[in-house]
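Notes for the structure review
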Amino acid sequence: MRSTTPRAALRRVAGALAAACLLAAGSLALSAPARAAGPVMSFGGPAETALHPYPASGGPQRTSVAITVDNPSRDEEYGRFEGEYTVTFDLGGIAGVAEAVFGTEDGADCEITGTTGVCHDTGLAPGTNPLPELRVGAAAGSRDGDSGTIRVTGTADGAAFAPFTTRIVIGGPDLVMERAPLEQELEPGRTQPFPLAFANHGTRAAEGVVLTLMYTRGIEFTERYENCVYREDDAGQGVPVWTTALCSVEGSYEVGAVYELAEPLMLRATQRAYRDTLVYRINEAGPGARGAQRAPGARSAPGTTGNVLTLKAAPAVPAVRSNDLDPADNQQEADFSTANTADFAAYGDTTSGLPGSTVGADIGFRNEGPAWIGNLRSGDPVATVDFTVPEGASVSAWPGTCRGVTADGQYRERQAGAPRYVCDTSMAVREDAGLALHFDLKIAEAVTGASGKVEVRGARSRDPLLPFDPDRGNNTAALVLNPEDAGDPGAAGGSTSGSSGGDGPTDDASAPAASASADATATAAPAGSRAGTVGRLAATGTGAATAAGAAAAALLAGGVLYTAARRRPGH
């Protein structure tokens, strides 16, 4: 079976918004672990899954019930459970309601006999592990509204498994979000209406809905609303990249009807817009949605209208249900391109030291705006800092985000003492941030005025231009060692950060991956100065993982929806 690490999941969330949306919209239930001598593995999966009714002709439409098992260890190196284990699916609870089969693509050792499914496997990696796909369809003779349960248990020598139960129901609402007509080529400050509409194509009415709207840093809605909860997500970037609005609206949304907002929302491209994404989604509300909107702190943030959101308590999130017949059509997305630019300005440093001493240097770049830059769909770095080491020195410590290469940019096994280092940003750079890097250099020879190049460029060396940055004149800077007007570096003390003398450059095993702070977020250094804080990209971030996402729309104050002439889909 495959394993999914939290880090890998985050990368997928940042690069694939739809996956994030399903996490936001789906009701995920986890089994409660019990005490045991060995590790207790916990099953997880949807609390409820809705199936299309048995058709008048043809076979049933099957739906995947994604069951997982979680190894509680988070030790990637030593936390794997190596033993054999057996998972049993008790299907007796869905007899006459639904029929189940195992998927054949993963080649798992699974078999269903009567009303019992059994899977055998070996080894569970730390974190969440997907179990073989269980596909379920309505049974012949079942009726709309019928339901039953599947109980999942496990056994193994040296581990325990907490049982888990998931519910299967026949029929239900099928909310379908319509694609909104939006202009996607924009200018900063451009405002446009965002009409939102959805239909119910299912077999039963939806009792209450949750509209979700997720949008990146460069776009915004002109109003925020009383019946919405707003959250910001950094997608693993350390600073906000995504804003998510979850709006709960009561009412019964009937089969065959189409609903839309009484008035459209107004969507604006901000002065920092460049490449942005909007995701909007509709789900049936869960039983906790109404109470969540009334919970302390669950109020709108400051905006053009509406009450002020105070942060004395974390805002509650409206619950959503997962028994939609076809969740894949609940969501729509739009990408926007705004005619805007960003200015990535490189900065270097000046320092001095005697032969045998170690000096520190702070280099990098800052984004002087006006646009923020993000590659949230691909997850690729926005840019790379390319640093050539000055003559007479060698690098003994470097940031963990950097890698040593040969003078012509090729792979180099030994990282210490490389003639050149390339350092990638993360997938987003905020308009008032950048990448600050600290290097320690061992002085072998005091070469007066030795200069190393600091360049911010595209992440691919064969395509070094930054398409969003028309001012190429400030994309390079210099790191200067022992400048001509510095006098005696020993007398002045220079910027030495290590003892004089000592051994040569440390090898890979002993070189620190540059000061621990080099992996922390930091704002860019002021113009003409050294970075006050060193670190990785001070970037806007999400759900990279973020990432990334749920979707739909904030409502008018009061959240009033109406049936659009109660028109039927297709009319």
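Please read all numbers here as calculations on a predicted model, not as lab measurements. (Residues numbered from 1 in each chain as written. Predicted model: local features only at pLDDT ≥ 70, side-chain atom pairs only at ≥ 80, totals over all residues. Heavy atoms only, no water.)

Thoughts on the overall build of the protein chain
A tally of regular secondary structure across the protein chain gives 4 helices and 41 strands. Going through the 571 residues of the protein chain one by one, you find that 50% of them count as buried. For the protein chain, the exposed area adds up to about 24,600 Å²; of that, 49% sits on carbon and sulfur atoms. (Helix = DSSP H or I, 4+ residues; strand = E, 2+ residues; numbered from the N terminus. Buried < 20%, exposed > 50% of the residue type's maximum accessible area, 1.4 Å probe, protein only. Areas by Shrake-Rupley, 256 points an atom, 1.4 Å probe, with all protein chains shown as cover.)

Let's talk about the sheet that holds strand β20 (residues 219-221)
As a general point, the strands of a sheet are linked pairwise by backbone hydrogen bonds and lie either parallel or antiparallel. A sheet is described by the order of its strands in space; here 3 strands give the open sequence β17-β25-β20, paired in antiparallel fashion. In this open sheet, the two strands that pair with only one neighbour each are β17 (191-194) and β20. Ignoring strand direction, the axes of neighbouring strands in this sheet form an average angle of 30 degrees. Judged from the 3 bridges that link them, β20 and strand β25 (residues 265-269) form a sheet pairing that is antiparallel. Residue pairing in the sheet places I219 in a bridge with A269 of β25. (Pairing = 2+ DSSP bridges. Axes fitted to C-alpha atoms, helices over the stretch in contact; angles between N-to-C directions.)

Comments concerning unusual backbone geometry
In this structure, P370 follows G369 across a cis peptide bond, with omega equal to 5 degrees. Position of P370 among the secondary structure elements: in the loop between β30 (358-367) and β31 (373-374). If you check the backbone angles, N482 has positive phi at about 50 degrees while not being a glycine. Its place among the elements puts N482 in the loop between β39 (476-481) and α4 (489-492). Given a relative accessible area of 7%, N482 falls into the buried group.

A few points about the state of the cysteines
Evaluated as defined, the whole model comprises 3 disulfides. Between C110 and C119 runs a disulfide, and the two sulfur atoms are separated by 2.1 Å. Handedness here is read from the sign of the S-S torsion; for C110 and C119, about 115 degrees, the answer is right-handed. Among the residues examined, C119 registers a relative accessible area of 1% and is labelled buried. For C402, the disulfide goes to C423, at an S-S distance of 1.9 Å. (Disulfide = S-S within 2.5 Å.)

Some points on the nonpolar core
Among the nonpolar cores identified, the biggest contains 37 residues, and F344, F387, F439 and L441 are the most heavily contacted of them. Elements represented by at least two residues in this core include exactly β28 (344-347), β30, β32 (384-388), β33 (393-397), β35 (420-424), β37 (434-443), β38 (450-457) and β39. The greatest single-element share of this core, amounting to 5 residues, is contributed by β37. Residues within four places of L441 in sequence aside, it is in contact with S357, T358, V359, A361, F387, V389, P390, A393, S394, V395, S396 and L479. (Core = buried A, V, L, I, M, F, W, Y, C linked by side-chain atoms within 4.5 Å. Contact = heavy atoms within 4.5 Å.)

A few points about the packing of aromatic side chains
What the rule picks out here adds up to 15 aromatic pairs. Note on F344 and F365: the rings are 4.7 Å apart at their centroids and 25 degrees apart in plane angle, and the pair reads as stacked. Of this pair, F344 sits in strand β28 while F365 is found in strand β30, placing the two residues 21 residues apart along the sequence. F365 carries the same exposure label as F344, and that label is buried. Clustering of aromatic rings is evident, with ring pairs tying together F194, Y215, F221 and Y280. Across from the ring centre of Y230, 4.5 Å away, lies the NZ or CZ of R224, which sits over that ring. Above the plane of the ring of Y274 lies R275, whose end atom (NZ or CZ) is 4.1 Å from the centre. (Phe/Tyr/Trp six-rings, centres within 6.5 Å; stacked < 30°, edge-to-face > 60°. Lys NZ or Arg CZ within 6 Å of the ring centre and 35° of its normal.)

Considering the environment of A138
On the secondary structure map, A138 appears in strand β11 (residues 134-138). Look at A138 and you get buried, because its relative accessible area is 1%. Here the alpha-carbon distance between A138 and G171, two residues 33 residues apart in the chain, equals 9.2 Å. A138 has contacts with L51, H52, P53, Y54, P60, V97, A98 and I170, leaving out every residue within four places of it along the chain.

Concerning the sheet that holds β30
One open sheet accounts for 4 strands, arranged β28-β30-β37-β33; its pairing is antiparallel. A strand with exactly one partner marks an edge of an open sheet, and here the two such strands are β28 and β33. Shown here is a sheet whose adjacent strand axes are inclined to one another by a mean of 30 degrees, direction ignored. Note: β33 against β37, 4 bridges, orientation antiparallel. Bridged to A397 within β37 is D440.

Observations regarding the confidence of the model for the protein chain
Confidence in the prediction for the protein chain averages 78 pLDDT; 71% of positions are at 70 or higher. In this model residues 32-36 is a low-confidence stretch, pLDDT under 50, and it forms 8 contacts with partners more than four residues away in sequence or in other chains. (pLDDT = per-residue confidence, 0-100.)

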